Structures are given as structure tokens and as C-alpha cells.
Amino acid sequence: MVKFIESELVLLKKEIDEMWTLVYNQLDRAGEAVLTLDRELAQQVLVRERRVNAFELKIDSDVEDIIALYNPVAIDLRFVLAMLKINTNLERLGDFAEGIARFAINCKEPALDAELIRNLRLEEMIGQVLSMLEQTKKALQEENQELATSVFVKDNLLDEINSNAATVLADYIAKHPENALPCLNLVGVCRKLERSGDHITNIAEEIVFFLDAKVLKHSGRTDEQYPQ
């Protein structure tokens, strides 16, 4: 029985790793599509979203089978439960990638104002999301709790940029009222990127739960507890 469950857990971790790569690529493509207004690239994100949804259902089913057939306990059970929740968060990140890509498809402008994008720090925001997602994946692969918790501090930058976005866009609309619609839609893009950071933070918390049996959700943790 032990050998069987070990092989199933290895396969589950491999599936999560593949899901992670798929979602990372989705967010990467969506971010690039927004910055360049590449509608073809954005369309690729929309098409691949079905793969993300199918992957989530497959992993959910596999987790149910492992629990039903092998009755895992202790660290094995924590691992399975953590993978289940990480899977859900990855699927939500895929949804955000789709929503971000739709901005590029629906935007009627030939190009976005480079100064506006710079003031919004949109490229920096996209880069931070991708960096956090890559870091949490590495933390799981290496079973490194310190690497996982360092993501908490990184999420602060996304919160900061998002909180300033409304002011930046309001000032731009006041000077360029003809561009009000794409600016309002950019608020949604920034919000989705900020929410992506929250879901990646959730993933980091699940990694800590798996490794150390600590539940950080709703624990009132502060970012100062986890230095970068």
C-alpha cells in the first residue's frame, strides 16, 4: 500500500507542476498581449483556457481517488489537501489571465500611451506576478518553507501599484477624456493582477501547511514576520 500511494503522490505532484507551467504561460501571454495589444496572442490565451479548466477537473478527480482508495494520513494527507487547494488557486489564476487577455481583444486603440503604461507600472506589475508564481513553484519543488513565505512581502508591491492605479488613470482621463473607456478597462486589468498576487499568496500558505502543518489563513500574520 505504501508503495502505491507514494507513486500516486508523485504523479499528483507532476500534474500540479504541469498545471503550474500552463497557468504561468497563460499569465505571461496575457500580460504581453495587454502591453502590445496583440490580439492574436490574446486569442491564444482564450483558447488555452479550456485546457486549464480541464486540468483542474482532472486533478480534482485524482485527489478524490487518492483519498478514497488510499486513506492518506499525516504529511501525505496534508500534501493531498494542499495540492487540492493549490489546484483551485491555479485555476483562478487562469481565469484572471483570460480576463486580462480580453482587454487586448476588446481595446479599440491601435496602441496604448507609453507614458500612461509607465506611470501605471503595469509592466512591473506583470513581472511581479510572474516572479511570485515562479518562486512558489520552486518552493514546492524544493520543499522550501522560507522561499514560500518570502512571497508574502512581494505581494505588497502589487497592492501598492494597484492602489495608485485609480489616481493615475483619473489624472490621465482628465487630460485625455477621449480615452476614458480603455482607461476604465485598465482598472480591471490592474485589479486582476492584484488579485493574482492574493491567490499566489494563498498557494504559498498551502505550501507552508504541507511542510510544517501550520495554517496561516486568517491567522493574522504580518508581512514583517517573513523578511524578503
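Residues numbered from 1 in each chain as written. Predicted model: local features only at pLDDT ≥ 70, side-chain atom pairs only at ≥ 80, totals over all residues. Heavy atoms only, no water.

K.L.:
Even after reading the chapter, I still don't get helix 2 (residues 39–70), so can you show me in this structure?
P.N.:
The α-helix advances 3.6 residues per turn, and as a result positions three or four apart in sequence lie on the same side. Helix length check: helix 2 (32 residues) gives 47 Å between terminal C-alpha atoms against 46 Å at 1.5 Å per residue, within 8%. Maximum bend of helix 2: about 30°, positioned at R48. Looking at where helix 2 begins, the residue whose side-chain oxygen comes 3.1 Å from the main-chain nitrogen of E40 is D38. Two residues or fewer past helix 2, N71 is found with a positive phi of approximately 45°. (Helix = DSSP H or I, 4+ residues; strand = E, 2+ residues; numbered from the N terminus. Expected span 1.5 Å × (residues − 1). Bend = angle between axes of the 7 residues up to and from the residue. Polar contact = N/O pair within 3.5 Å; in protein donor to acceptor, adjacent residues only side chain to side chain.)

K.L.:
How do you make sense of a negative patch on the surface when you look at a structure like this?
P.N.:
Together, D28, E32, D38, E40 and E123 give the surface a local cluster of negative charge. Take E123: it is sitting in helix 5 (residues 122–142). For E123, a relative accessible area of 57% gives the class exposed. (Patch = residues over 30% accessible without salt bridge, like charges linked within 9 Å, V, L, I, M, F, W, Y side chains within 5 Å. Areas by Shrake-Rupley, 256 points an atom, 1.4 Å probe, with all protein chains shown as cover. Salt bridge = Lys/Arg side-chain N within 4 Å of Asp/Glu carboxyl O. Lys, Arg positive; Asp, Glu negative; His and termini not counted. Charge placed at Lys NZ, Arg CZ, Asp CG, Glu CD. Buried < 20%, exposed > 50% of the residue type's maximum accessible area, 1.4 Å probe, protein only.)

K.L.:
Explain the packing of helix 5 against helix 7 (residues 151–175) here, please?
P.N.:
Helix packing for two helices is described by the angle between their axes and how far apart those axes are. For the pair helix 5 and helix 7, the least separation of the axes is 10 Å and the interaxial angle reads 160°. Classified by the interaxial angle, the pair formed by helix 5 and helix 7 is roughly antiparallel. In this structure, the crossing between helix 5 and helix 7 has a hand that is left-handed. The residues of helix 7 that touch helix 5, namely those facing E124, M125, Q128, V129, S131, M132, Q135 and T136, are V151, K154, D155, L157, L158, I161 and N162. Residues that form the contact of helix 5 with helix 7 fall into these classes: 7 nonpolar, 5 polar and 3 charged. (Axes fitted to C-alpha atoms, helices over the stretch in contact; angles between N-to-C directions. Parallel < 35°, antiparallel > 145°, perpendicular 65-115°, else oblique. Left-handed = near helix turned anticlockwise from the far one by under 90°. Contact = heavy atoms within 4.5 Å. Nonpolar A, V, L, I, M, F, W, Y, C, P; charged D, E, K, R; others polar.)

K.L.:
What's the story with the packing of aromatic side chains in this structure? I'm lost.
P.N.:
Each aromatic ring pair is summarised here by two numbers: the centre-to-centre distance and the angle between the ring planes. Counted by the stated rule, this structure contains 1 aromatic pair. Geometrically, the ring pair formed by F79 and F210 is edge-to-face, given 5.1 Å between the ring centres and 65° between the ring planes. Residue F79 is found in helix 3 (residues 74–106), and its partner F210 is found in helix 8 (residues 180–212); the two are separated by 131 residues along the sequence. Assessed through its relative accessible area of 6%, F79 is described here as buried. Between the NZ or CZ atom of R92 and the centre of the ring of F96, over which it lies, the distance is 4.8 Å. (Phe/Tyr/Trp six-rings, centres within 6.5 Å; stacked < 30°, edge-to-face > 60°. Lys NZ or Arg CZ within 6 Å of the ring centre and 35° of its normal.)

K.L.:
Would you take a moment to explain unusual backbone geometry for this structure?
P.N.:
Glycine aside, residues mostly have negative phi, and peptide bonds are mostly found in the trans state. The phi angle at A74 is positive, at roughly 50°, despite the residue not being glycine. Turning to its location among the elements, A74 is positioned in helix 3. Phi at E143 is positive, roughly 50°, even though this residue is not glycine. One can find E143 in the loop between helix 5 and helix 6 (145–149).

K.L.:
Honestly, the pattern of salt bridges in this entry has me stumped. Any pointers?
P.N.:
Scanning the entire structure with this criterion turns up 11 salt bridges. In this structure, E18 engages K14 in a salt bridge whose closest nitrogen and oxygen atoms are separated by 2.6 Å. In this pair, E18 and K14 both sit in helix 1 (residues 2–36), 4 residues apart, roughly one turn of the helix. Residue classification places E18 among the partly exposed residues on the basis of a relative accessible area of 33%. In this structure, D62 and K58 form a salt bridge, with 2.6 Å as the shortest nitrogen-oxygen distance. One end of the pair, D62, and the other, K58, are both in helix 2, 4 residues apart, so they sit about a helical turn from each other. D62 sits in the buried class, given a relative accessible area of 17%. Classification of K58 as partly exposed rests on a relative accessible area of 41%. A network of salt bridges, in which partner residues are shared, links E15, K58 and D62.

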